[in-house]
Each structure stands twice: as structure tokens, then as C-alpha cells.
Amino acid sequence: MDHRFAHDTVVQAAIHVHFNPLGTEVTEVAMQSNTNRWVGHFALRTVEPVKNQEPVARRWRSAFVAGVAALVSVCGGDANAQRPVVPGTGIELVGVADDFEDESWRYVPNNPKSTEDIDENQRAPMGKSTNGRWYEGIKRGHPDVVERVATPAGGLPGSKGALLMRSKFTGIPGNASGTMHQDDFIANVQYRLKRRIDVSEVPSVTTRVFLPPVAEWEKRSGPHFGFRLALETTAMIEQETGFFKLKRKEMGNEIYWPGMFIEFESKADSRSRSEDYAYLRVRSNQRGADFRGPQITTTGWWTMGISVTPDGMVHYYASPGVEDLTEEDYITSQFPYGYEAERMRTFFYNICSADDGRRWSTSFIVDDPKVFLVRPKGKQMAGRTSNSRR
């Protein structure tokens, strides 16, 4: 059927385990946290259950949990990692994201868009939404089409509007390169809050994403869509100093962008591939390398979320449908690039295309992105409590 992707039985997840260096007492929460972390990274994640049997990953998980629990109870206490937080837990920050319900919602592109990453051309003034909640990325520019549309069937109950994004020229406007590029569409979180969010507040972001039928996807293998955070940490970075702008490395504020990409392997551009295939690609592990997450076996609505805990670790979740995320939707926990996050600036979307001047990117529709804090501090915009999902 058109809305289905080819099926693999399992997808290997990546590994990363964070132990408490102080070797504090192993509590039940600590033991469960590390068990979940090991299972989340080592476990084989089944796409579909075997007929009349419990899914392989669930059976494997049960055995693994029992084994780790026994091991921890014998070895004692150096496994007190912080528990991953399900995105959507805590207080929703109202006014820093969007629901696209306003029929007058409009984006003013102020074209041509910026392509600083390619030719160092920022092309001001930048594009922005009329409600002040979105703006063009100065590094890569915005999607060619940013348009409020009617919410596709199966969306959030009561939702009338959502946001469609697509691009043809993801590189320099009107100058096709034939090389894959991407556009950014950035939520105005930092500037509306008038501050950055400290990871001690336990921030998270959730979004709904509509995947069109497979026949409507750009016939290209590679990344098609991204959902990412902008985080900060203190790290050794290269800076220009002095009149001659000499470069040297010193400690400074490093910005990085972990997230999830929808990756497509198209049968149209491979003789050896008989079926289309899609999966979530996670950015990144401790070495800065992307890795495969769960396979995408159906189109339509998906819910994606990312959270950051006070230890600076990033946690990734996703699930088909529009229901709130739960612990069952956990994918992995990482210190991307080996960094421990200190602050969150915002979140954003990526739209990718071949940039060949002919093909449009896959049209993705997003709805109801939200920012949450578990322990908000300082001056806040209006907030409302979400359902507890701990």
C-alpha cells in the first residue's frame, strides 16, 4: 500500500551510559534509570510483533532488566544516572511556540533568503512571522514555502490550522547546485523569553509532524526533515583575535544543534533497492556521529520530542500518532559531540532538498510545537501545567 514503508524486523540503537562518579547509594530510581539507559541503547527495537508472540525486543528487554537488576544489587552503587524526562513533562511556556490556529497567520519572507553557510551572504532583512514567533535562520535561510494550511485528517482534536513547509532551492536562491542543502525555520523562544533556558529547569520540546503518502516524497535518498534544539555549553573553541584576526583555541560559549532527522532511502535512485525505506536518524552520539534510530513504517501524523536533563544529557522520543509521548516512546539518551548542555536557546525545523532546480522537497506539515519546563525559574511568560508523565 502507498502509505507503508518496507519492513525490517529490527533496528539497532546506539549506546551511551552515564554513571555517577561519586558512587552514591543505588536507589530504585537510579537502578531503573540505568537499566532503561542500557536497554534503550542496546535493545533491538522491533517494528512489528511476531504473530502470537510477544515482540522480540520486549522479551529481550524483560530478560535484560532482570539481569541488570541482579547485577546492580550485587555490585552496589556507581550507577546513579539521572532519569530521562519524557518531553512534555512540567509547565508549558505559553507564547513561545505556536498552534497556527489564527486564520490571519502569515509569514513575511523578505526574499531573497540568507545563505551564509554557502557564500557568507546574510541578505537582510530576515524573514519573520507576523505574530513574532518565528524567524528566518541567518545561517541557511527559510523554506521557499511557509504557509498555514488546514490540519490534515487525524491531527490533534480541535486543530484547524497547521504549518506546511517545502523548498526547491535550499541553497543559493535561484541558483541550483545539484547538491543537497537545507533550510531552517526557527522558533523565537530565546528572544520572547528575553533569556536562555538553563538545563536545571529541565526543558523539553514536543511537536507533531505530518508525513505525506510515500508517493508524494521527493525521490531522493538522504535527510528530508529535521527537528532540532539549539543548545549551549562551555568548550574549547576557535576564535579570531587581534588586528590580524589570528585564530587560536580558547574556552568559550559553543552552540550546537542535536535533534532527529527523517531519513529516506528511495527505491527510485537505487537499482538494488526494491522498496522505499525510512527511519529516524539521531544527531548525535558522543563522538559527533549520527546513528540510526527507529524505522518509520507508516506515514501520517507522528509526535516527536526532545528533553534535556540537568546533567546536560539529551533525550530523544518519537511515536506514530498525535498522542502525548510516554516512556514507551523513548529512543536514546546522548551527550552529543561529548558536550554537556548548559543552556537551551530554542528549537527549529529543517527542510532538505536536492537543490537541483527541478524537484521540490517533500512537503512536511507541523502542528502545535510546545516548550515545557519541569523547574521554571526567573521571570516567566504565562504557563500552564501539562499532564504528569514521569
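Thresholds, definitions, all that
Residues numbered from 1 in each chain as written. Predicted model: local features only at pLDDT ≥ 70, side-chain atom pairs only at ≥ 80, totals over all residues. Heavy atoms only, no water. Helix = DSSP H or I, 4+ residues; strand = E, 2+ residues; numbered from the N terminus. Buried < 20%, exposed > 50% of the residue type's maximum accessible area, 1.4 Å probe, protein only. Areas by Shrake-Rupley, 256 points an atom, 1.4 Å probe, with all protein chains shown as cover. Contact = heavy atoms within 4.5 Å. Phe/Tyr/Trp six-rings, centres within 6.5 Å; stacked < 30°, edge-to-face > 60°. Salt bridge = Lys/Arg side-chain N within 4 Å of Asp/Glu carboxyl O. Core = buried A, V, L, I, M, F, W, Y, C linked by side-chain atoms within 4.5 Å. Patch = residues over 30% accessible without salt bridge, like charges linked within 9 Å, V, L, I, M, F, W, Y side chains within 5 Å. Polar contact = N/O pair within 3.5 Å; in protein donor to acceptor, adjacent residues only side chain to side chain.

Asks: What should I look at first to understand the overall build of the protein chain in this one?
Replies: Looking only at helices and strands, the protein chain features four helices and 22 strands. Expressed as a percentage of the 390 residues in the protein chain, the buried residues total 51%. Working note: accessible area of the protein chain is about 18000 Å², and carbon and sulfur atoms make up 51% of it.

Asks: So what exactly am I meant to see when it comes to the side chain of Asp367 here?
Replies: Mapped onto the fold, Asp367 is located in strand β21 (residues 364–373). Residues within four places of Asp367 in sequence aside, it is in contact with Asp99, Phe100, Thr151, Leu156, Ser159, Gly161, Ala162, Thr207, Arg208 and Trp301.

Asks: What should I look at first to understand the packing of aromatic side chains in this one?
Replies: One pair of aromatic rings is described through two measures. These are the centre distance and the angle between the planes. The tally for this structure, following the rule as stated, stands at 20 aromatic pairs. Ring geometry for Trp217 versus Phe364: centroids 5.6 Å apart, planes at 75°, classification edge-to-face. On the criterion of sequence distance, the pair formed by Trp217 in the loop between β11 (203–211) and β12 (222–241) and Phe364 in strand β21 is long-range, its members being 147 residues apart. Here Trp217 falls in the buried class, since its relative accessible area comes to 2%.

Asks: Which parts of the structure should I look at to understand the pattern of salt bridges?
Replies: Should the charged atoms of two oppositely charged side chains come close, the side chains can pair. Evaluation of the coordinates by the stated rule reveals 22 salt bridges. When the shortest N-O distance is used, the salt bridge between Arg273 and Asp269 registers 3.4 Å. Where Arg281 meets Asp290, a salt bridge forms, and the shortest distance between an N and an O atom there is 1.9 Å. Residue classification places Arg281 among the buried residues on the basis of a relative accessible area of 13%. For Asp290, a relative accessible area of 25% puts it in the partly exposed group.

Asks: Explanation requested: the nonpolar core in the structure shown.
Replies: It is characteristic of soluble globular proteins that their nonpolar side chains tend to be buried jointly. Residues Phe225, Phe227, Phe347 and Val371 are the most contacted members of the largest nonpolar core, which totals 53 residues. With near-sequence residues (within four places) excluded, Phe227 lies in contact with Val205, Thr207, Gly259, Met260, Met304, Gly305, Ile306, Phe347, Phe348 and Tyr349. Val149, Leu156, Ala162 and Val322 belong to the second-largest nonpolar core, a separate cluster that totals eight residues.

Asks: I tried to follow the environment of Gly90 on my own but got confused; where do I start?
Replies: Among the structural elements, Gly90 can be located in the loop between α2 (56–75) and β3 (91–93). A relative accessible area of 16% places Gly90 in the buried class. On a C-alpha basis, the gap between Gly90 and Arg375 in space is 7.4 Å, while along the polypeptide they are 285 residues apart.

Asks: Explanation requested: a nonpolar patch on the surface in the structure shown.
Replies: A cluster of nonpolar side chains, Phe243, Phe244 and Leu246, forms an exposed patch at the surface whose accessible area comes to about 460 Å². By the element assignment, Leu246 lies in strand β13 (residues 246–256).

Asks: For this particular structure, what's the right way to read the side chain of Thr346?
Replies: As for its placement among the helices and strands, Thr346 is situated in strand β20 (residues 343–353). The buried category is assigned to Thr346, whose relative accessible area is 6%. Side-chain polar atoms of Thr346 contact the backbone oxygen of Ala187, separated by 2.4 Å. Beyond its immediate sequence surroundings of up to four residues, Thr346 is in contact with Ile186, Ala187, Asn188, Val189, Leu229 and Ala230.

The analysis is restricted to geometry; functional conclusions fall outside its scope.
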